[in-house]
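Commentary on secondary and tertiary structure
Here is how the chains run, residue by residue.
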Amino acid sequence: MNTDTLSPYILTLVTFVPLAGALLLTVLPRRDRDIRVIAFLVSLITFGLSLHLPVYFHRVIGGFQFEIDKSWISSPNIHYHMAIDGISMWLVVLTTFLTPLCVLISWKTVHDRVKEFFILLLILETALIGVFTSLDLFLFYFFWEATLIPMALLIGVFGHERKVYAAVKFFMYTMIASVFMLAGILWLYAHTGSFDFVVIRDLISRGQVSNFPAAAQWLFLGFFIAFAVKVPLFPFHTWLPDAHVEAPTAGSVLLAGVLLKMGTYGMLRFNLGLFPEQSRSNASWIMALALIGIIYGALVAMVQPNMKKLIAYSSVSHLGFVVLGIFSFTQSGLNGAMFVMLAHGISTGGLFMLAGILHERRHTYEISEFGGLATPMPVYATSYLFIVLASVGLPLLNGFVGEFLVLNGAFQAKPIYGILGATGVIWSACYLLWMFQRVFYGKVTHPINNGLADMLGFEKAAVWPCAIAAMVMGVAPILWLAAIDPAVQATLNALPQMVSKVVGQ
Amino acid sequence: MTQNPYLWLIPTLPLAGAAINGFLGRRSSKKAITTIALTFPGLAFALALKIALGFSSAAAPYVFNLAHWIRSGSLGLPNYFTADFAFYLDQLSLVMLLVVTGVGFLIHIYSVGYMSDDPGYYRFFSYLNLFMFFMLTLVLANNYLVMFIGWEGVGLASYLLIGFWFTKDSAASAGKKAFIVNRIGDFGFLIGLFLIIQHFGSLNFTDVFAKVQPLAAETTGAGLLTAIGILLMVGACGKSAQIPLYVWLPDAMEGPTPVSALIHAATMVTAGVYMVARSHVIFERAPMALTVVAIIGTLTALFAATIGITQTDIKKVLAYSTVSQLGYMFMACGAGAFSAGIFHLMTHAFFKGLLFLGAGSVIHAVGGEQDMRKMGGLRSYIPWTTATMGIATLAIAGIPPFAGFWSKDEILWKAYQAHWVYWLIGAITALITSFYMFRLLFMTFAGDYRGTQVDSHGHAHSAHGDHGHGEPHESPAVMLVPLIILAFLSLVGGLVGIHNGFEHFLEPVFGSEFPKTITEGSGNTEWLLMGFSVLFSFTGLILAYVLYVSKPYLPAKIAASLGAFYDAVLNKYYVDEIYAKVFVKPLVDGSTKILWQGVDRKVIDDTVNNAADGARQVSDEVRHMQSGNVRSYAGWIASGAAVVIAYMIWWGTR
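Residues numbered from 1 in each chain as written. Chains lettered and ligands numbered in written order. Predicted model: local features only at pLDDT ≥ 70, side-chain atom pairs only at ≥ 80, totals over all residues.

Helix and strand counts for chain B stand at 26 helices and three strands. Its C-alpha atoms give chain B principal-axis dimensions of about 95 × 65 × 55 Å. Counting across all 654 residues of chain B, residues that qualify as buried make up 54%. Residue pairs in contact within chain B that sit at least 24 positions apart in sequence constitute 80% of those at least 6 positions apart. (Helix = DSSP H or I, 4+ residues; strand = E, 2+ residues; numbered from the N terminus. Buried ≥ 20, exposed ≤ 12 C-beta atoms within 10 Å, placed from the backbone. Contact = placed C-beta atoms within 7 Å.)

Structure representation (structure tokens):
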């Protein structure tokens, strides 16, 4: 399929170049500037390499591509099996796109233990990419848990006041949930003798897994709970605001931008892929939770006095859209869910960077500490507004496309889902524009804010790519959808087959 | 259908202007900014004129597909959906196109004078050009989704321009309010679009309307088309400031006055009327939806007009007048007289644009003062403004042969055919309109000057702070020329309606298929009704003259005798206060106390933390160890996992 010379190795390269960079950093002397430059170059090279994927991806053929499948451990039967389709490809590129920006935004803001910081960041990047590229469930689970350690350390060591509490809460919360998925993976291995996603999926769809009908609901739930906590789906979301508020900016960007998508990606790939029948039968309460998340997250976001908590709760709302789209089982809904994942990664990543810029100047995220900032910081205010508008879902920016497709899909599934979800367009305008007004408009209320510096060079370099990406994705979403659409179709095509099989028994 | 590859240039040209001034304006000279700001909308206007000259009333629509935008699914499969950047021009969009580019260009010129001293000069024109881009996209769209780009985009431009003087809290709040209230309308619009996709598989105007065309009118009960119609109307109510979503428009007067003229009078607020007219194929088959449109329009017309009587801020009077006039346009559409609605949309763009620009000229003359009680006698200081505003007032009051007379008369006549109650309320509204508009004219220009120049300084916004001293002065030529052109249009703009000329021009769009039961002797009825409405207009004029010129002590007496009723009207029927109490406060308080501090912290988070504490205590007791948090959590995980795995293995092997 992908006939060029790089393609068989590209996924291995993209996944492990950051780790190699991290190893390189460990042996380098502690000269902070060198460390930063190397970290930036490594993340930039990774991004460049990852662009190989969309360039050489066969959109017409679809399916898993750039595949590499080597036996790794014979007993238990673990494979080094990696491949991507139109769904995971963009999540890989999202990760590699955001990481260099994370390096940039941390350029001057991380002063202590610079070396450790960037080592952790690069390890995290490898783990995140690995989650999206692995098709072997063992490998997947390995990367899945591997994201926890660097992220928890980034929060716990480099975070703000209550960093240890937040780090432990984050670690425990998501780890406990993951154990249920591990149990599910082990059950599947015990009954199929394989960790391979494709093998297991085919066995299940042919009805060749013993005791599967009886266990399927539990397996579905085991995977689902792990993903739902990661998303986070209401009511499993309370770890998120704490983690965000305490995390350093780069941590927040990757946490909201990529880490949460591990959950929705997992639902799309594993819940729908392995357990289509159970996905259908459980859809109604999951949709209900997603809708609660959309509205509840937005309303709670609206009344947050802390900017970062506000953005965190807005993520609960946005990720609710993603789950709503996935479980609508419509082409439009799933396409939209994928697009919201990417758009949210860009816009919320951008918002967290912008919040970090303010924290760097005033060491607080309290909205009441600001006001009238548009006067001393016009460029910052304009950049902020641009990202806010992307997040609000203004047409021609990226938020709109995904939300529209999700809501359309949800409406086609059941009108009331679409109607309730569509109230989100009102709420998002409420909480974001209100926050924007309190921070930027009016007269400067705290004299100290008069002297705040506008955006610095490295800050522009970190934020503006997000703004540009938001616009390109909004104007030419077709570039992304062309690859997403066939992958979603493939996922959906598996559903009716399963239905007829079960019905036929 | 004819391909016309120039269509997409019309909206894109102002976008280029917005981008250039937005990125480079901060460092450019004022002259350069002005050149860019005027050239691009000017070119768009020129291009629109060129296209118009080649476009007869019989011409087939022009179309152009620029590029793919969104596509989901594959052709032939269920749920296939696509929307392109596609443009469409027919007689209806041509009228809108000329109004938007023409009036828009005039207001750009005017703004060069009005905003000349503002430090945000480049920013203002960048936003104004951006508005033109979105408005023209809205007007030229060939599908609902591209229309929605323009629809939301003009909302953004409106938000930016209302809050242009963002250091003023009231301006910032007004901008936010406009955006959010519009979003409530957009919510309905979106649901309407989902319904259209669900049943017609497309959002392209031509596809949708072709599929709607063969459907029967839903005369017996509400069906799909009624639902779509009402949902679209919810969107239109937001954008066109109809009950119950009109509340943002009066507040929008916080923006600079040229913005009020262009966006909040002449163009953007008419987008809802345009959208309803564009969807006439749907509405014609949904009589119940039409009735709802007519009722909302009629009520809004009357309701807003009554508030207009009591306002003393010159721009607020005009704002409520705009809401009221938009109500007329809705009334027309609801009566099935779409061309009459569009006719009034056009004449209203002339005279209301002029009224706002004139008000701007007045405000400019008296150093930023907007309270009419501190004006008076301005006719001798600013004669050109007085004359042009006089013409506009005659036009809006419906005095023949000014423009408003023709279009309003057309609406009232069509409304009468739908139901006589619409006509009656419409005619009463015409009387009230005439009254409060002449009240405005007399309070501002007649009598003696009541202002104290030096004191008015405090009221001045930043652009005109330096005009606070000395006598009221006439505006510069760059502001007066647009006034004069618009005055000319307000004078003769209605003549295109003679012998139903305007209606014939729009016939390719609206057709004559909508059956209008012309009863015997209707010609006489028409003349009689026209006589009544002209009589009403003059009554309003005379009343205003008596109350505000010959017996100026009377209004206070009347107000006092009306007591609480007068207070209610003066306070805009307390609608803002009611909304705040019924919707906003419970939402904010409920979100804070119940959802966040209650559910989120007490219920969910405490449960989780207690579970963790519980696990720690258990492990403490079991192991008699000084456990830290991490260990106890780990123990909890391990035991939990063990239970689950054991259960599953037992279950799997059974």
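Next comes the rest of the description.
All names here are of chain A. Two elements in contact, helix H7 (residues 148-158) and helix H12 (residues 249-274), have axes separated by 10 Å at closest approach and are oriented at 145°. The interaxial crossing formed by H7 with H12 has left-handed handedness. Contact residues: H7 offers Met-151, Leu-154 and Ile-155, while H12 offers Gly-251, Leu-255 and Leu-259. When the residues that make up the contact of H7 with H12 are grouped by side-chain class, the tally is five nonpolar, one polar and no charged. (Axes fitted to C-alpha atoms, helices over the stretch in contact; angles between N-to-C directions. Left-handed = near helix turned anticlockwise from the far one by under 90°. Nonpolar A, V, L, I, M, F, W, Y, C, P; charged D, E, K, R; others polar.)

In this chain, Phe234(A) is followed by Pro235(A) through a cis amide linkage whose omega measures 5°. Cis geometry is found at the peptide bond from Pro400(B) to Pro401(B), where omega equals 5°. With respect to the helices and strands, the residue Pro401(B) is situated in the loop between helix H16 (383-397) and helix H17 (403-418). With a phi close to 50°, Arg113(A) is a non-glycine residue in the positive phi region. Looking at the secondary structure, you find Arg113(A) in the loop between helix H4 (86-105) and helix H5 (114-133). C-beta crowding within 10 Å serves as the criterion here: with 14 such atoms nearby, Arg113(A) is assigned to the partly exposed category. At Tyr573(B), a position not held by glycine, the phi torsion is positive, near 60°. One can find Tyr573(B) in the loop between helix H24 (564-570) and helix H25 (575-623).

It is worth spelling out the confidence of the model for chain B at this point. Confidence in the prediction of chain B, expressed as mean pLDDT, is 88, and 90% of residues score 70 or more. Interface confidence for the predicted complex, given as ipTM, is 0.93, next to a pTM of 0.92. (pLDDT = per-residue confidence, 0-100.)

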